[in-house]
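# Chain and residue survey
So the chains spell out like this:
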Amino acid sequence: MSGAPGGRRPTFPGLPGERVLEEAAGARRRCGNGGGSVPGTLLCTNRRLAFLAGQAPGSRGLLRSEDEVALPCIHKLVAASSFSKPKVLTAASTLKFIPEELAVFCRDFRLLHFYFPESGRAPQAFRVANAIAQAREAAARLGDAAEAPDGETTPEEEEEEEEEEGSSTVLLFESLRDWEKELQRLGAAGWRVSAVNERFDMAPSLPQYLWVPSGLLDHDLKRTFGHFQERRVPRLCWHHPSGGDLLRAASFHPASEPGSEDVRCLEALLLGDRGPCVLADTAELPTLADIQLAHLRLRELCLPGAVAEEKWLSALEGTRWLDHVRSCLRKAAEVASLLAGKRCSVVLQEPSDRDLNCLVASLVQLLGDPHARSLPGFQSLVQREWVAAGHPFPRRLGLQCQDSPREEAPVFLLFLDCTWQLLWQFPADFGFTEAFLLALHDSSFSPYFSTFRFSCQRQRGHSGTPRLPSQIYRPMGGWQDAGGHRGGPQPCSFPPVWAWGRRYSRQQREQFRNPAGPPGPTESRTPGTPADPCPWRGASLVLTLAKGSLCAHPLPWWGRPPWRGSPSDSQGTPGGLLGTCQPTPGLLLPCTAGPCVRLWHRCYLRGLPQEQRGRLAPLLAGLAEELQLLQDHLHTWNLQRPH
Amino acid sequence: MRLGVAALPRDRSFRCLPARDERWGAPPPRAGAMLGGGARAAKPSFVSYISPEEIHIKEPIEKEVNPHLLPGELLLCEASTVYKYVQEDGSNRGTYGKLVCTNFKISFLDDDSASDDNEPQFKNKIVGENDITLQCVDQIYGVYDEKKKLLTGQLRKYPEKLIIYCKDLRVFNFCLRYTKEEEVKRIVSGIVHHSQTPKLLKRLFLFSYASAAPNNTDGRNQTVMFETLEDWRDELERTKGNVKYKAVTTNEGYRVSEKLPLYFVVPICISEESILKYEGRGIPIWCWSCHNGAALLKMSAFPKEQDDSTSQMQKAFLDGIYKTISKPPYELLKMDDLSSSLPSLQDIQTAYTRFKQLFLIDNSTDFWATDVKWFSLLESTNWLEIIRRVLKKAIEVAECLEIQHTNVLLIEESATDLCCVISSLVQVMMDSYSRTKSGFQSLIQKEWVIGGHGFLDRCNHLHKSEKEEAPVFLLLLNCVWQLVQQYPPAFEFTETYLTVLSDSLYVPIFSTFFFNSQHQRDTNKSGECLKTQSGPFRFLTVWDWSVQFDPKALAFLNNPLYAEKPKPDRSQRKTARFKHQRQLSLPLTPAKPSTKRGFFREETDHLIKNILGKRIGKFINSSDEPPNSLREFYDSWHSKPVDYHGLLLPRIDGPEIKVWAQRYLRWIPEAQLHGGGTIATAAKILDLMEEVQSLQVKMDEEHSQSVSGDVHSAPMLRNSARLSSLFPFALLQRQSVKPALPTSTWKDLEDEDDLVKRDDEFVDLSGDML
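Residues numbered from 1 in each chain as written. Chains lettered and ligands numbered in written order. Predicted model: local features only at pLDDT ≥ 70, side-chain atom pairs only at ≥ 80, totals over all residues. Heavy atoms only, no water.

An unreviewed UniProt entry annotates chain B as Myotubularin-related protein 12 of Taeniopygia guttata.

What follows is the structure, encoded as structure tokens:
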């Protein structure tokens, strides 16, 4: 057998602080339904389960992403042998028999299947199976408290490849500069970056820097924190070029009774001078429990084999996952068209402001902002609206399964699905591809990235700051000890997920870009057309958006109809609030009708071998390449041609 | 007969007034009213300031809109001041115009159509966007006092609204309230009579058209028509079936049967007597030969006989036939009685009737009402399941031919319905020639048109009997679409091609889909047409696409990404085929014997329920079933890279069978994406292809001679306007983008003085919103 069980296997490209706990040579991994299998070594480390194919090219030490599972991503581990009942392995109930097969059910819809045909190696198989069960539990217990691998340091600067575009242009929103740069790009006059939360003392779960109205002093801003749950005050997310503002906030604190001075500050923050204010709550969106339930059902439905079932479509409908996708898209489309249609501000309000607000805020920007649809733009978007905004990734993705199973809800995966729907509906408007979304989907379970390990910036700050892209781990020779620490202690220095070079080859990364995408990196933003002045100066009209309708709504502290500016002066202006009927060209309006919302086959049905194929279909790219080639030829010929 | 235009004076400027208002959405009755509910009440309000008498007073005729008539087309009746709703979405938007009925079509002529200067990129020259051919009318409903009633035959009362459902899934809503009563009578009864009542074959427009505009094209088309013996011989040679099969002339003069084509192919050992004995029944007729020599045959079965002795004789006859064609040189024979292994025609018709109902949307309220249960409704129609079963059957047949090297004999009562579906599908899957445009057309010609599929009865073109109706050909197109959609580079044509082909079923200027058999066509072609003095009719064939489309539009029928087959000479073809099936990059070892793999399954039942519910069982099960050659064939093919010029197997798992969105959703504005859909990239690909081609041309020129002048002319790029996902079928100019929240609401809010006091009052944004 060429597997060469005892012999040389490619060296395992370990992570810093990663220890191989147990390994079983002579294992085989089953490939798909076709029946083939690959020999190799099954490894269990303190971070993941990995399979090193015996003869895998391994040229660059790059572990093929399909050959490994991060421990937290393992959903169920089942062992079986011909002499005993199959058994679900947990740390508490260990294996009592020699396993012949291991089935690993993953949270990311994969199913890995190993078996150990050589009887001589039974003890190894036994040990590795138990080790996985133990390690998984241990990894889950660690959870947020990402243990800092000691002794690891910055890797040597390697010549390797030039800067990855992907990560170099991503704004991580950890420095003041990033916030300022982005605010400038948005052209949001009337807004400024406030460092009031720099020490996380105002609101622990909020980022250090907030976008607030320029007219509001930090001193006044401080008065508002107490009136919102988790002290998460309204702040700007996005500014539409024609003047609309998108804000997000937690609910009003039920117990707060602002005094008149506080009311002044609150209204300056919420209403400002920016036209009517629309409150959009999450009432029509699925709850966290709904999302979790739907995701579980979907996972069950998409296991290989289940798809052959009759009544599959009804079952799909029964999961309600697509319903949830639709309601999110619908909400986002409503908000986006409000913003595009008229100068107003929309405040997204969710009790905690940490889950569905992230989702809706990012979707609205995808719909309205062409920049967010470029690859770096999308990465920055996720960084700002999810990571910096304090989405509790570890709890929601169930990476901490022991403590809080109730809090698991794949909101982020729902967002990726929504994004995929948009991508599928508007293939020519996105700078990235399905392959990119898939990579992001799979990486969200990966514990080797700082991006999804923390619940908020503050927590991340406690664990240290991630490296700049130039300092990240290179897959070449693993982490290397070189020199000392740089610039003080860095307790945790996992790279952000945007450092795609770690897990994906250059070729694969090239597939992240959509050759049919919008021309140019990002079209230059039309300088905000402030053509629509708010008809009523000082009017404080507050509406809520519910069931596709707007309805007047008083703020909680308004006991009686508040003072309002007289709208009568506006009636003279013919445009009025009507404005231009034509939505701005960059606006995407997705269709949320049943036939238009689809199942993300390549993500959920990846158990089917045929779904794998064409995943990174090179057709368009090939055409574009040929075109380039021909043009080059022509050019050279023209040069050579004697005149 | 009264053909003249009703002497109704028109004044454009006056007429524009209400029409304009309507088109832009009449101002909502009152700020804040529910548009959805208030719509009906609002309807008549806009005419109130113009009394009917005024119409007569208004004088000079500025411009008369005349229908564009084809040669041989006669205007039968017409009505003016008909109001056509753009889409019955409760918003009342629409246009005024004239409704006419000719012996070819029902047509609505609005003012725009006369002065339309922006030509759409994709336009059918024969059937315009407001034309409905008489054969395309599915059902007509009249609305009486808000109640819908199906209109057939004689009418006693005339409706105020007319709803026409078309077979290509368009829905037209006409309001007749402002039309003169006599015109209403004439037009409604005219339309119902000409489109819904039984007709004689000779009254089909086909004949008037053919005598008025004889087909003068030389008919030299790449499509093989299979009307001559040579065509069949060539086909035999192409598939190398000529060793064991022969084309026979026995049916010349239709001596054998009127249902069989003039020429057809049978095994060499079949004698002429046996063909003649039972009018061709019980005779295996050749469809196609596979590269390994195995052949696909079809046979029409004997009807169930009461008489014992006759059935004994028939059985003996059949046994004799089987014996002859089962011994060498013929391969083993497998028989498949399609009438028992596939859904009946009745089932197919029922399923399709239910299925199309999902897309014949009266108004958007209905649409959103069904939307919630979309998937289960879709499933309950059973249409996708039928498609899946048909595809599965085709895979079975392909497996027998390809792997088991057996001949397959498809049996069906007349061998002209499901036999055609399966044999065509098998050829599309196995013969890459059938995936080119001309190959596919030849295939339709061979199996369907000449093969004797009863288009006239199955489409119920003559309204003779509803019982015979069954969308068999549409079923084939739906199945082929699944393949096109799963493997786009393998097909020279696009889904748009299939869509326009399905529409052409109802355009009676082509003979292709308007006869039951070659015999019927031949007899009617030459028959009693002497009085026209023009000799036999010369019909057009649908394959001449330039009749319907301009070259610009034709570009959308061709797949720019078709992986064209390299053209090696014949000897090399075989090696080329194998080259494509390269090895997987991973070292695979053959599967372990299945005995070993079974254990996981047997004992896991209990466990599996505990883990994730019973479905896992199927996963573990899926590879461990008792040796199932079909499943193995399917799985092993799917685990290899696709060779676009080799065998192509559709994926038939539940999630893989999809709705042919282009055909079925194209008229539904709610499903429209502005700037989205597959067309968004398709347009880019077309641009790229054109650029590549033009560059290639330039390079060739450079090679051959030195060209003077500047070579750098900017490549012509398609205008990069954002298309709708429903392109090329949507009526773009009408339906401008509709934001999810219409901005007009703001106006209402603005006007509202004491909005805050009305805390609990909802301001509905739009009746049709989500």
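From this point on, the discussion continues.
### Looking at unusual backbone geometry
When glycine is set aside, most residues are seen to have a negative phi, and most peptide bonds are trans. Even without a glycine there, the phi angle at A:F173 is positive, about 60°. Relative to the assigned elements, A:F173 resides in the loop between α2 (165–168) and α3 (176–186). When its relative accessible area of 0% is taken as the criterion, A:F173 is described as buried. In this structure, B:H405 takes a positive phi of about 55° despite not being glycine. Following the sequence through the fold, B:H405 ends up in the loop between α14 (383–402) and β14 (407–412). Take B:H405: its relative accessible area is 39%, and that puts it in the partly exposed class. (Helix = DSSP H or I, 4+ residues; strand = E, 2+ residues; numbered from the N terminus. Buried < 20%, exposed > 50% of the residue type's maximum accessible area, 1.4 Å probe, protein only.)

### What to know about the side chain of B:R458
Residue and element names in this part refer to chain B. Among the structural elements, R458 can be located in helix α17 (residues 455–458). On the basis of relative accessible area, R458 is assigned to the buried category, the value being 14%. A distance of 2.8 Å separates a polar atom in the side chain of R458 from a polar atom in the side chain of D417. Sequence-distant contacts of R458, defined by excluding residues within four places in its chain, comprise L345, D417, H453, E468, E469, A470 and V472. (Polar contact = N/O pair within 3.5 Å; in protein donor to acceptor, adjacent residues only side chain to side chain. Contact = heavy atoms within 4.5 Å.)

### Section: the confidence of the model for chain A
Confidence in the prediction of chain A, expressed as mean pLDDT, is 74, and 71% of residues score 70 or more. Every residue in residues 56–61 of chain A is under pLDDT 50, and counting partners more than four places away or in other chains gives 6 contacts. (pLDDT = per-residue confidence, 0-100.)

### Remarks on the state of the cysteines
All names here are of chain B. For the coordinates displayed, the defined rule picks out 0 disulfides over all chains. Among the cysteines around C175, which has no disulfide bond, C166 carries the closest sulfur, lying 18 Å off. The exposure class assigned to C175 is buried, which follows from its relative accessible area of 0%. A disulfide-free cysteine, C400 has its sulfur positioned 11 Å from the sulfur of C290, the nearest such atom. Take C400: its relative accessible area is 10%, and that puts it in the buried class. (Disulfide = S-S within 2.5 Å.)

### A short note on the packing of helix α10 (residues 375–388) of chain A against helix α13 (residues 434–443) of chain A
Geometrically, a packed helix pair is captured by the angle between its two axes and the distance between the axes. Residues and elements named next belong to chain A. In contact at an axis separation of 12 Å, α10 and α13 are set at 25° when each is read in the N-to-C sense. Relative to α13, the element α10 lies roughly parallel. Relative to α13, α10 is oriented so that their crossing is right-handed. Counted together, L375, F378 and Q379 of α10 and F436, L437 and L440 of α13 form the full contact between these two elements. Per-class residue counts for the contact of α10 with α13 are 5 nonpolar, 1 polar and no charged. (Axes fitted to C-alpha atoms, helices over the stretch in contact; angles between N-to-C directions. Parallel < 35°, antiparallel > 145°, perpendicular 65-115°, else oblique. Left-handed = near helix turned anticlockwise from the far one by under 90°. Nonpolar A, V, L, I, M, F, W, Y, C, P; charged D, E, K, R; others polar.)

### Here we look at the environment of A:V387
If you trace the backbone, A:V387 turns up in helix α10. Excluding anything up to four places from it in sequence, A:V387 contacts A:V382, A:F393, A:T451 and A:R460.

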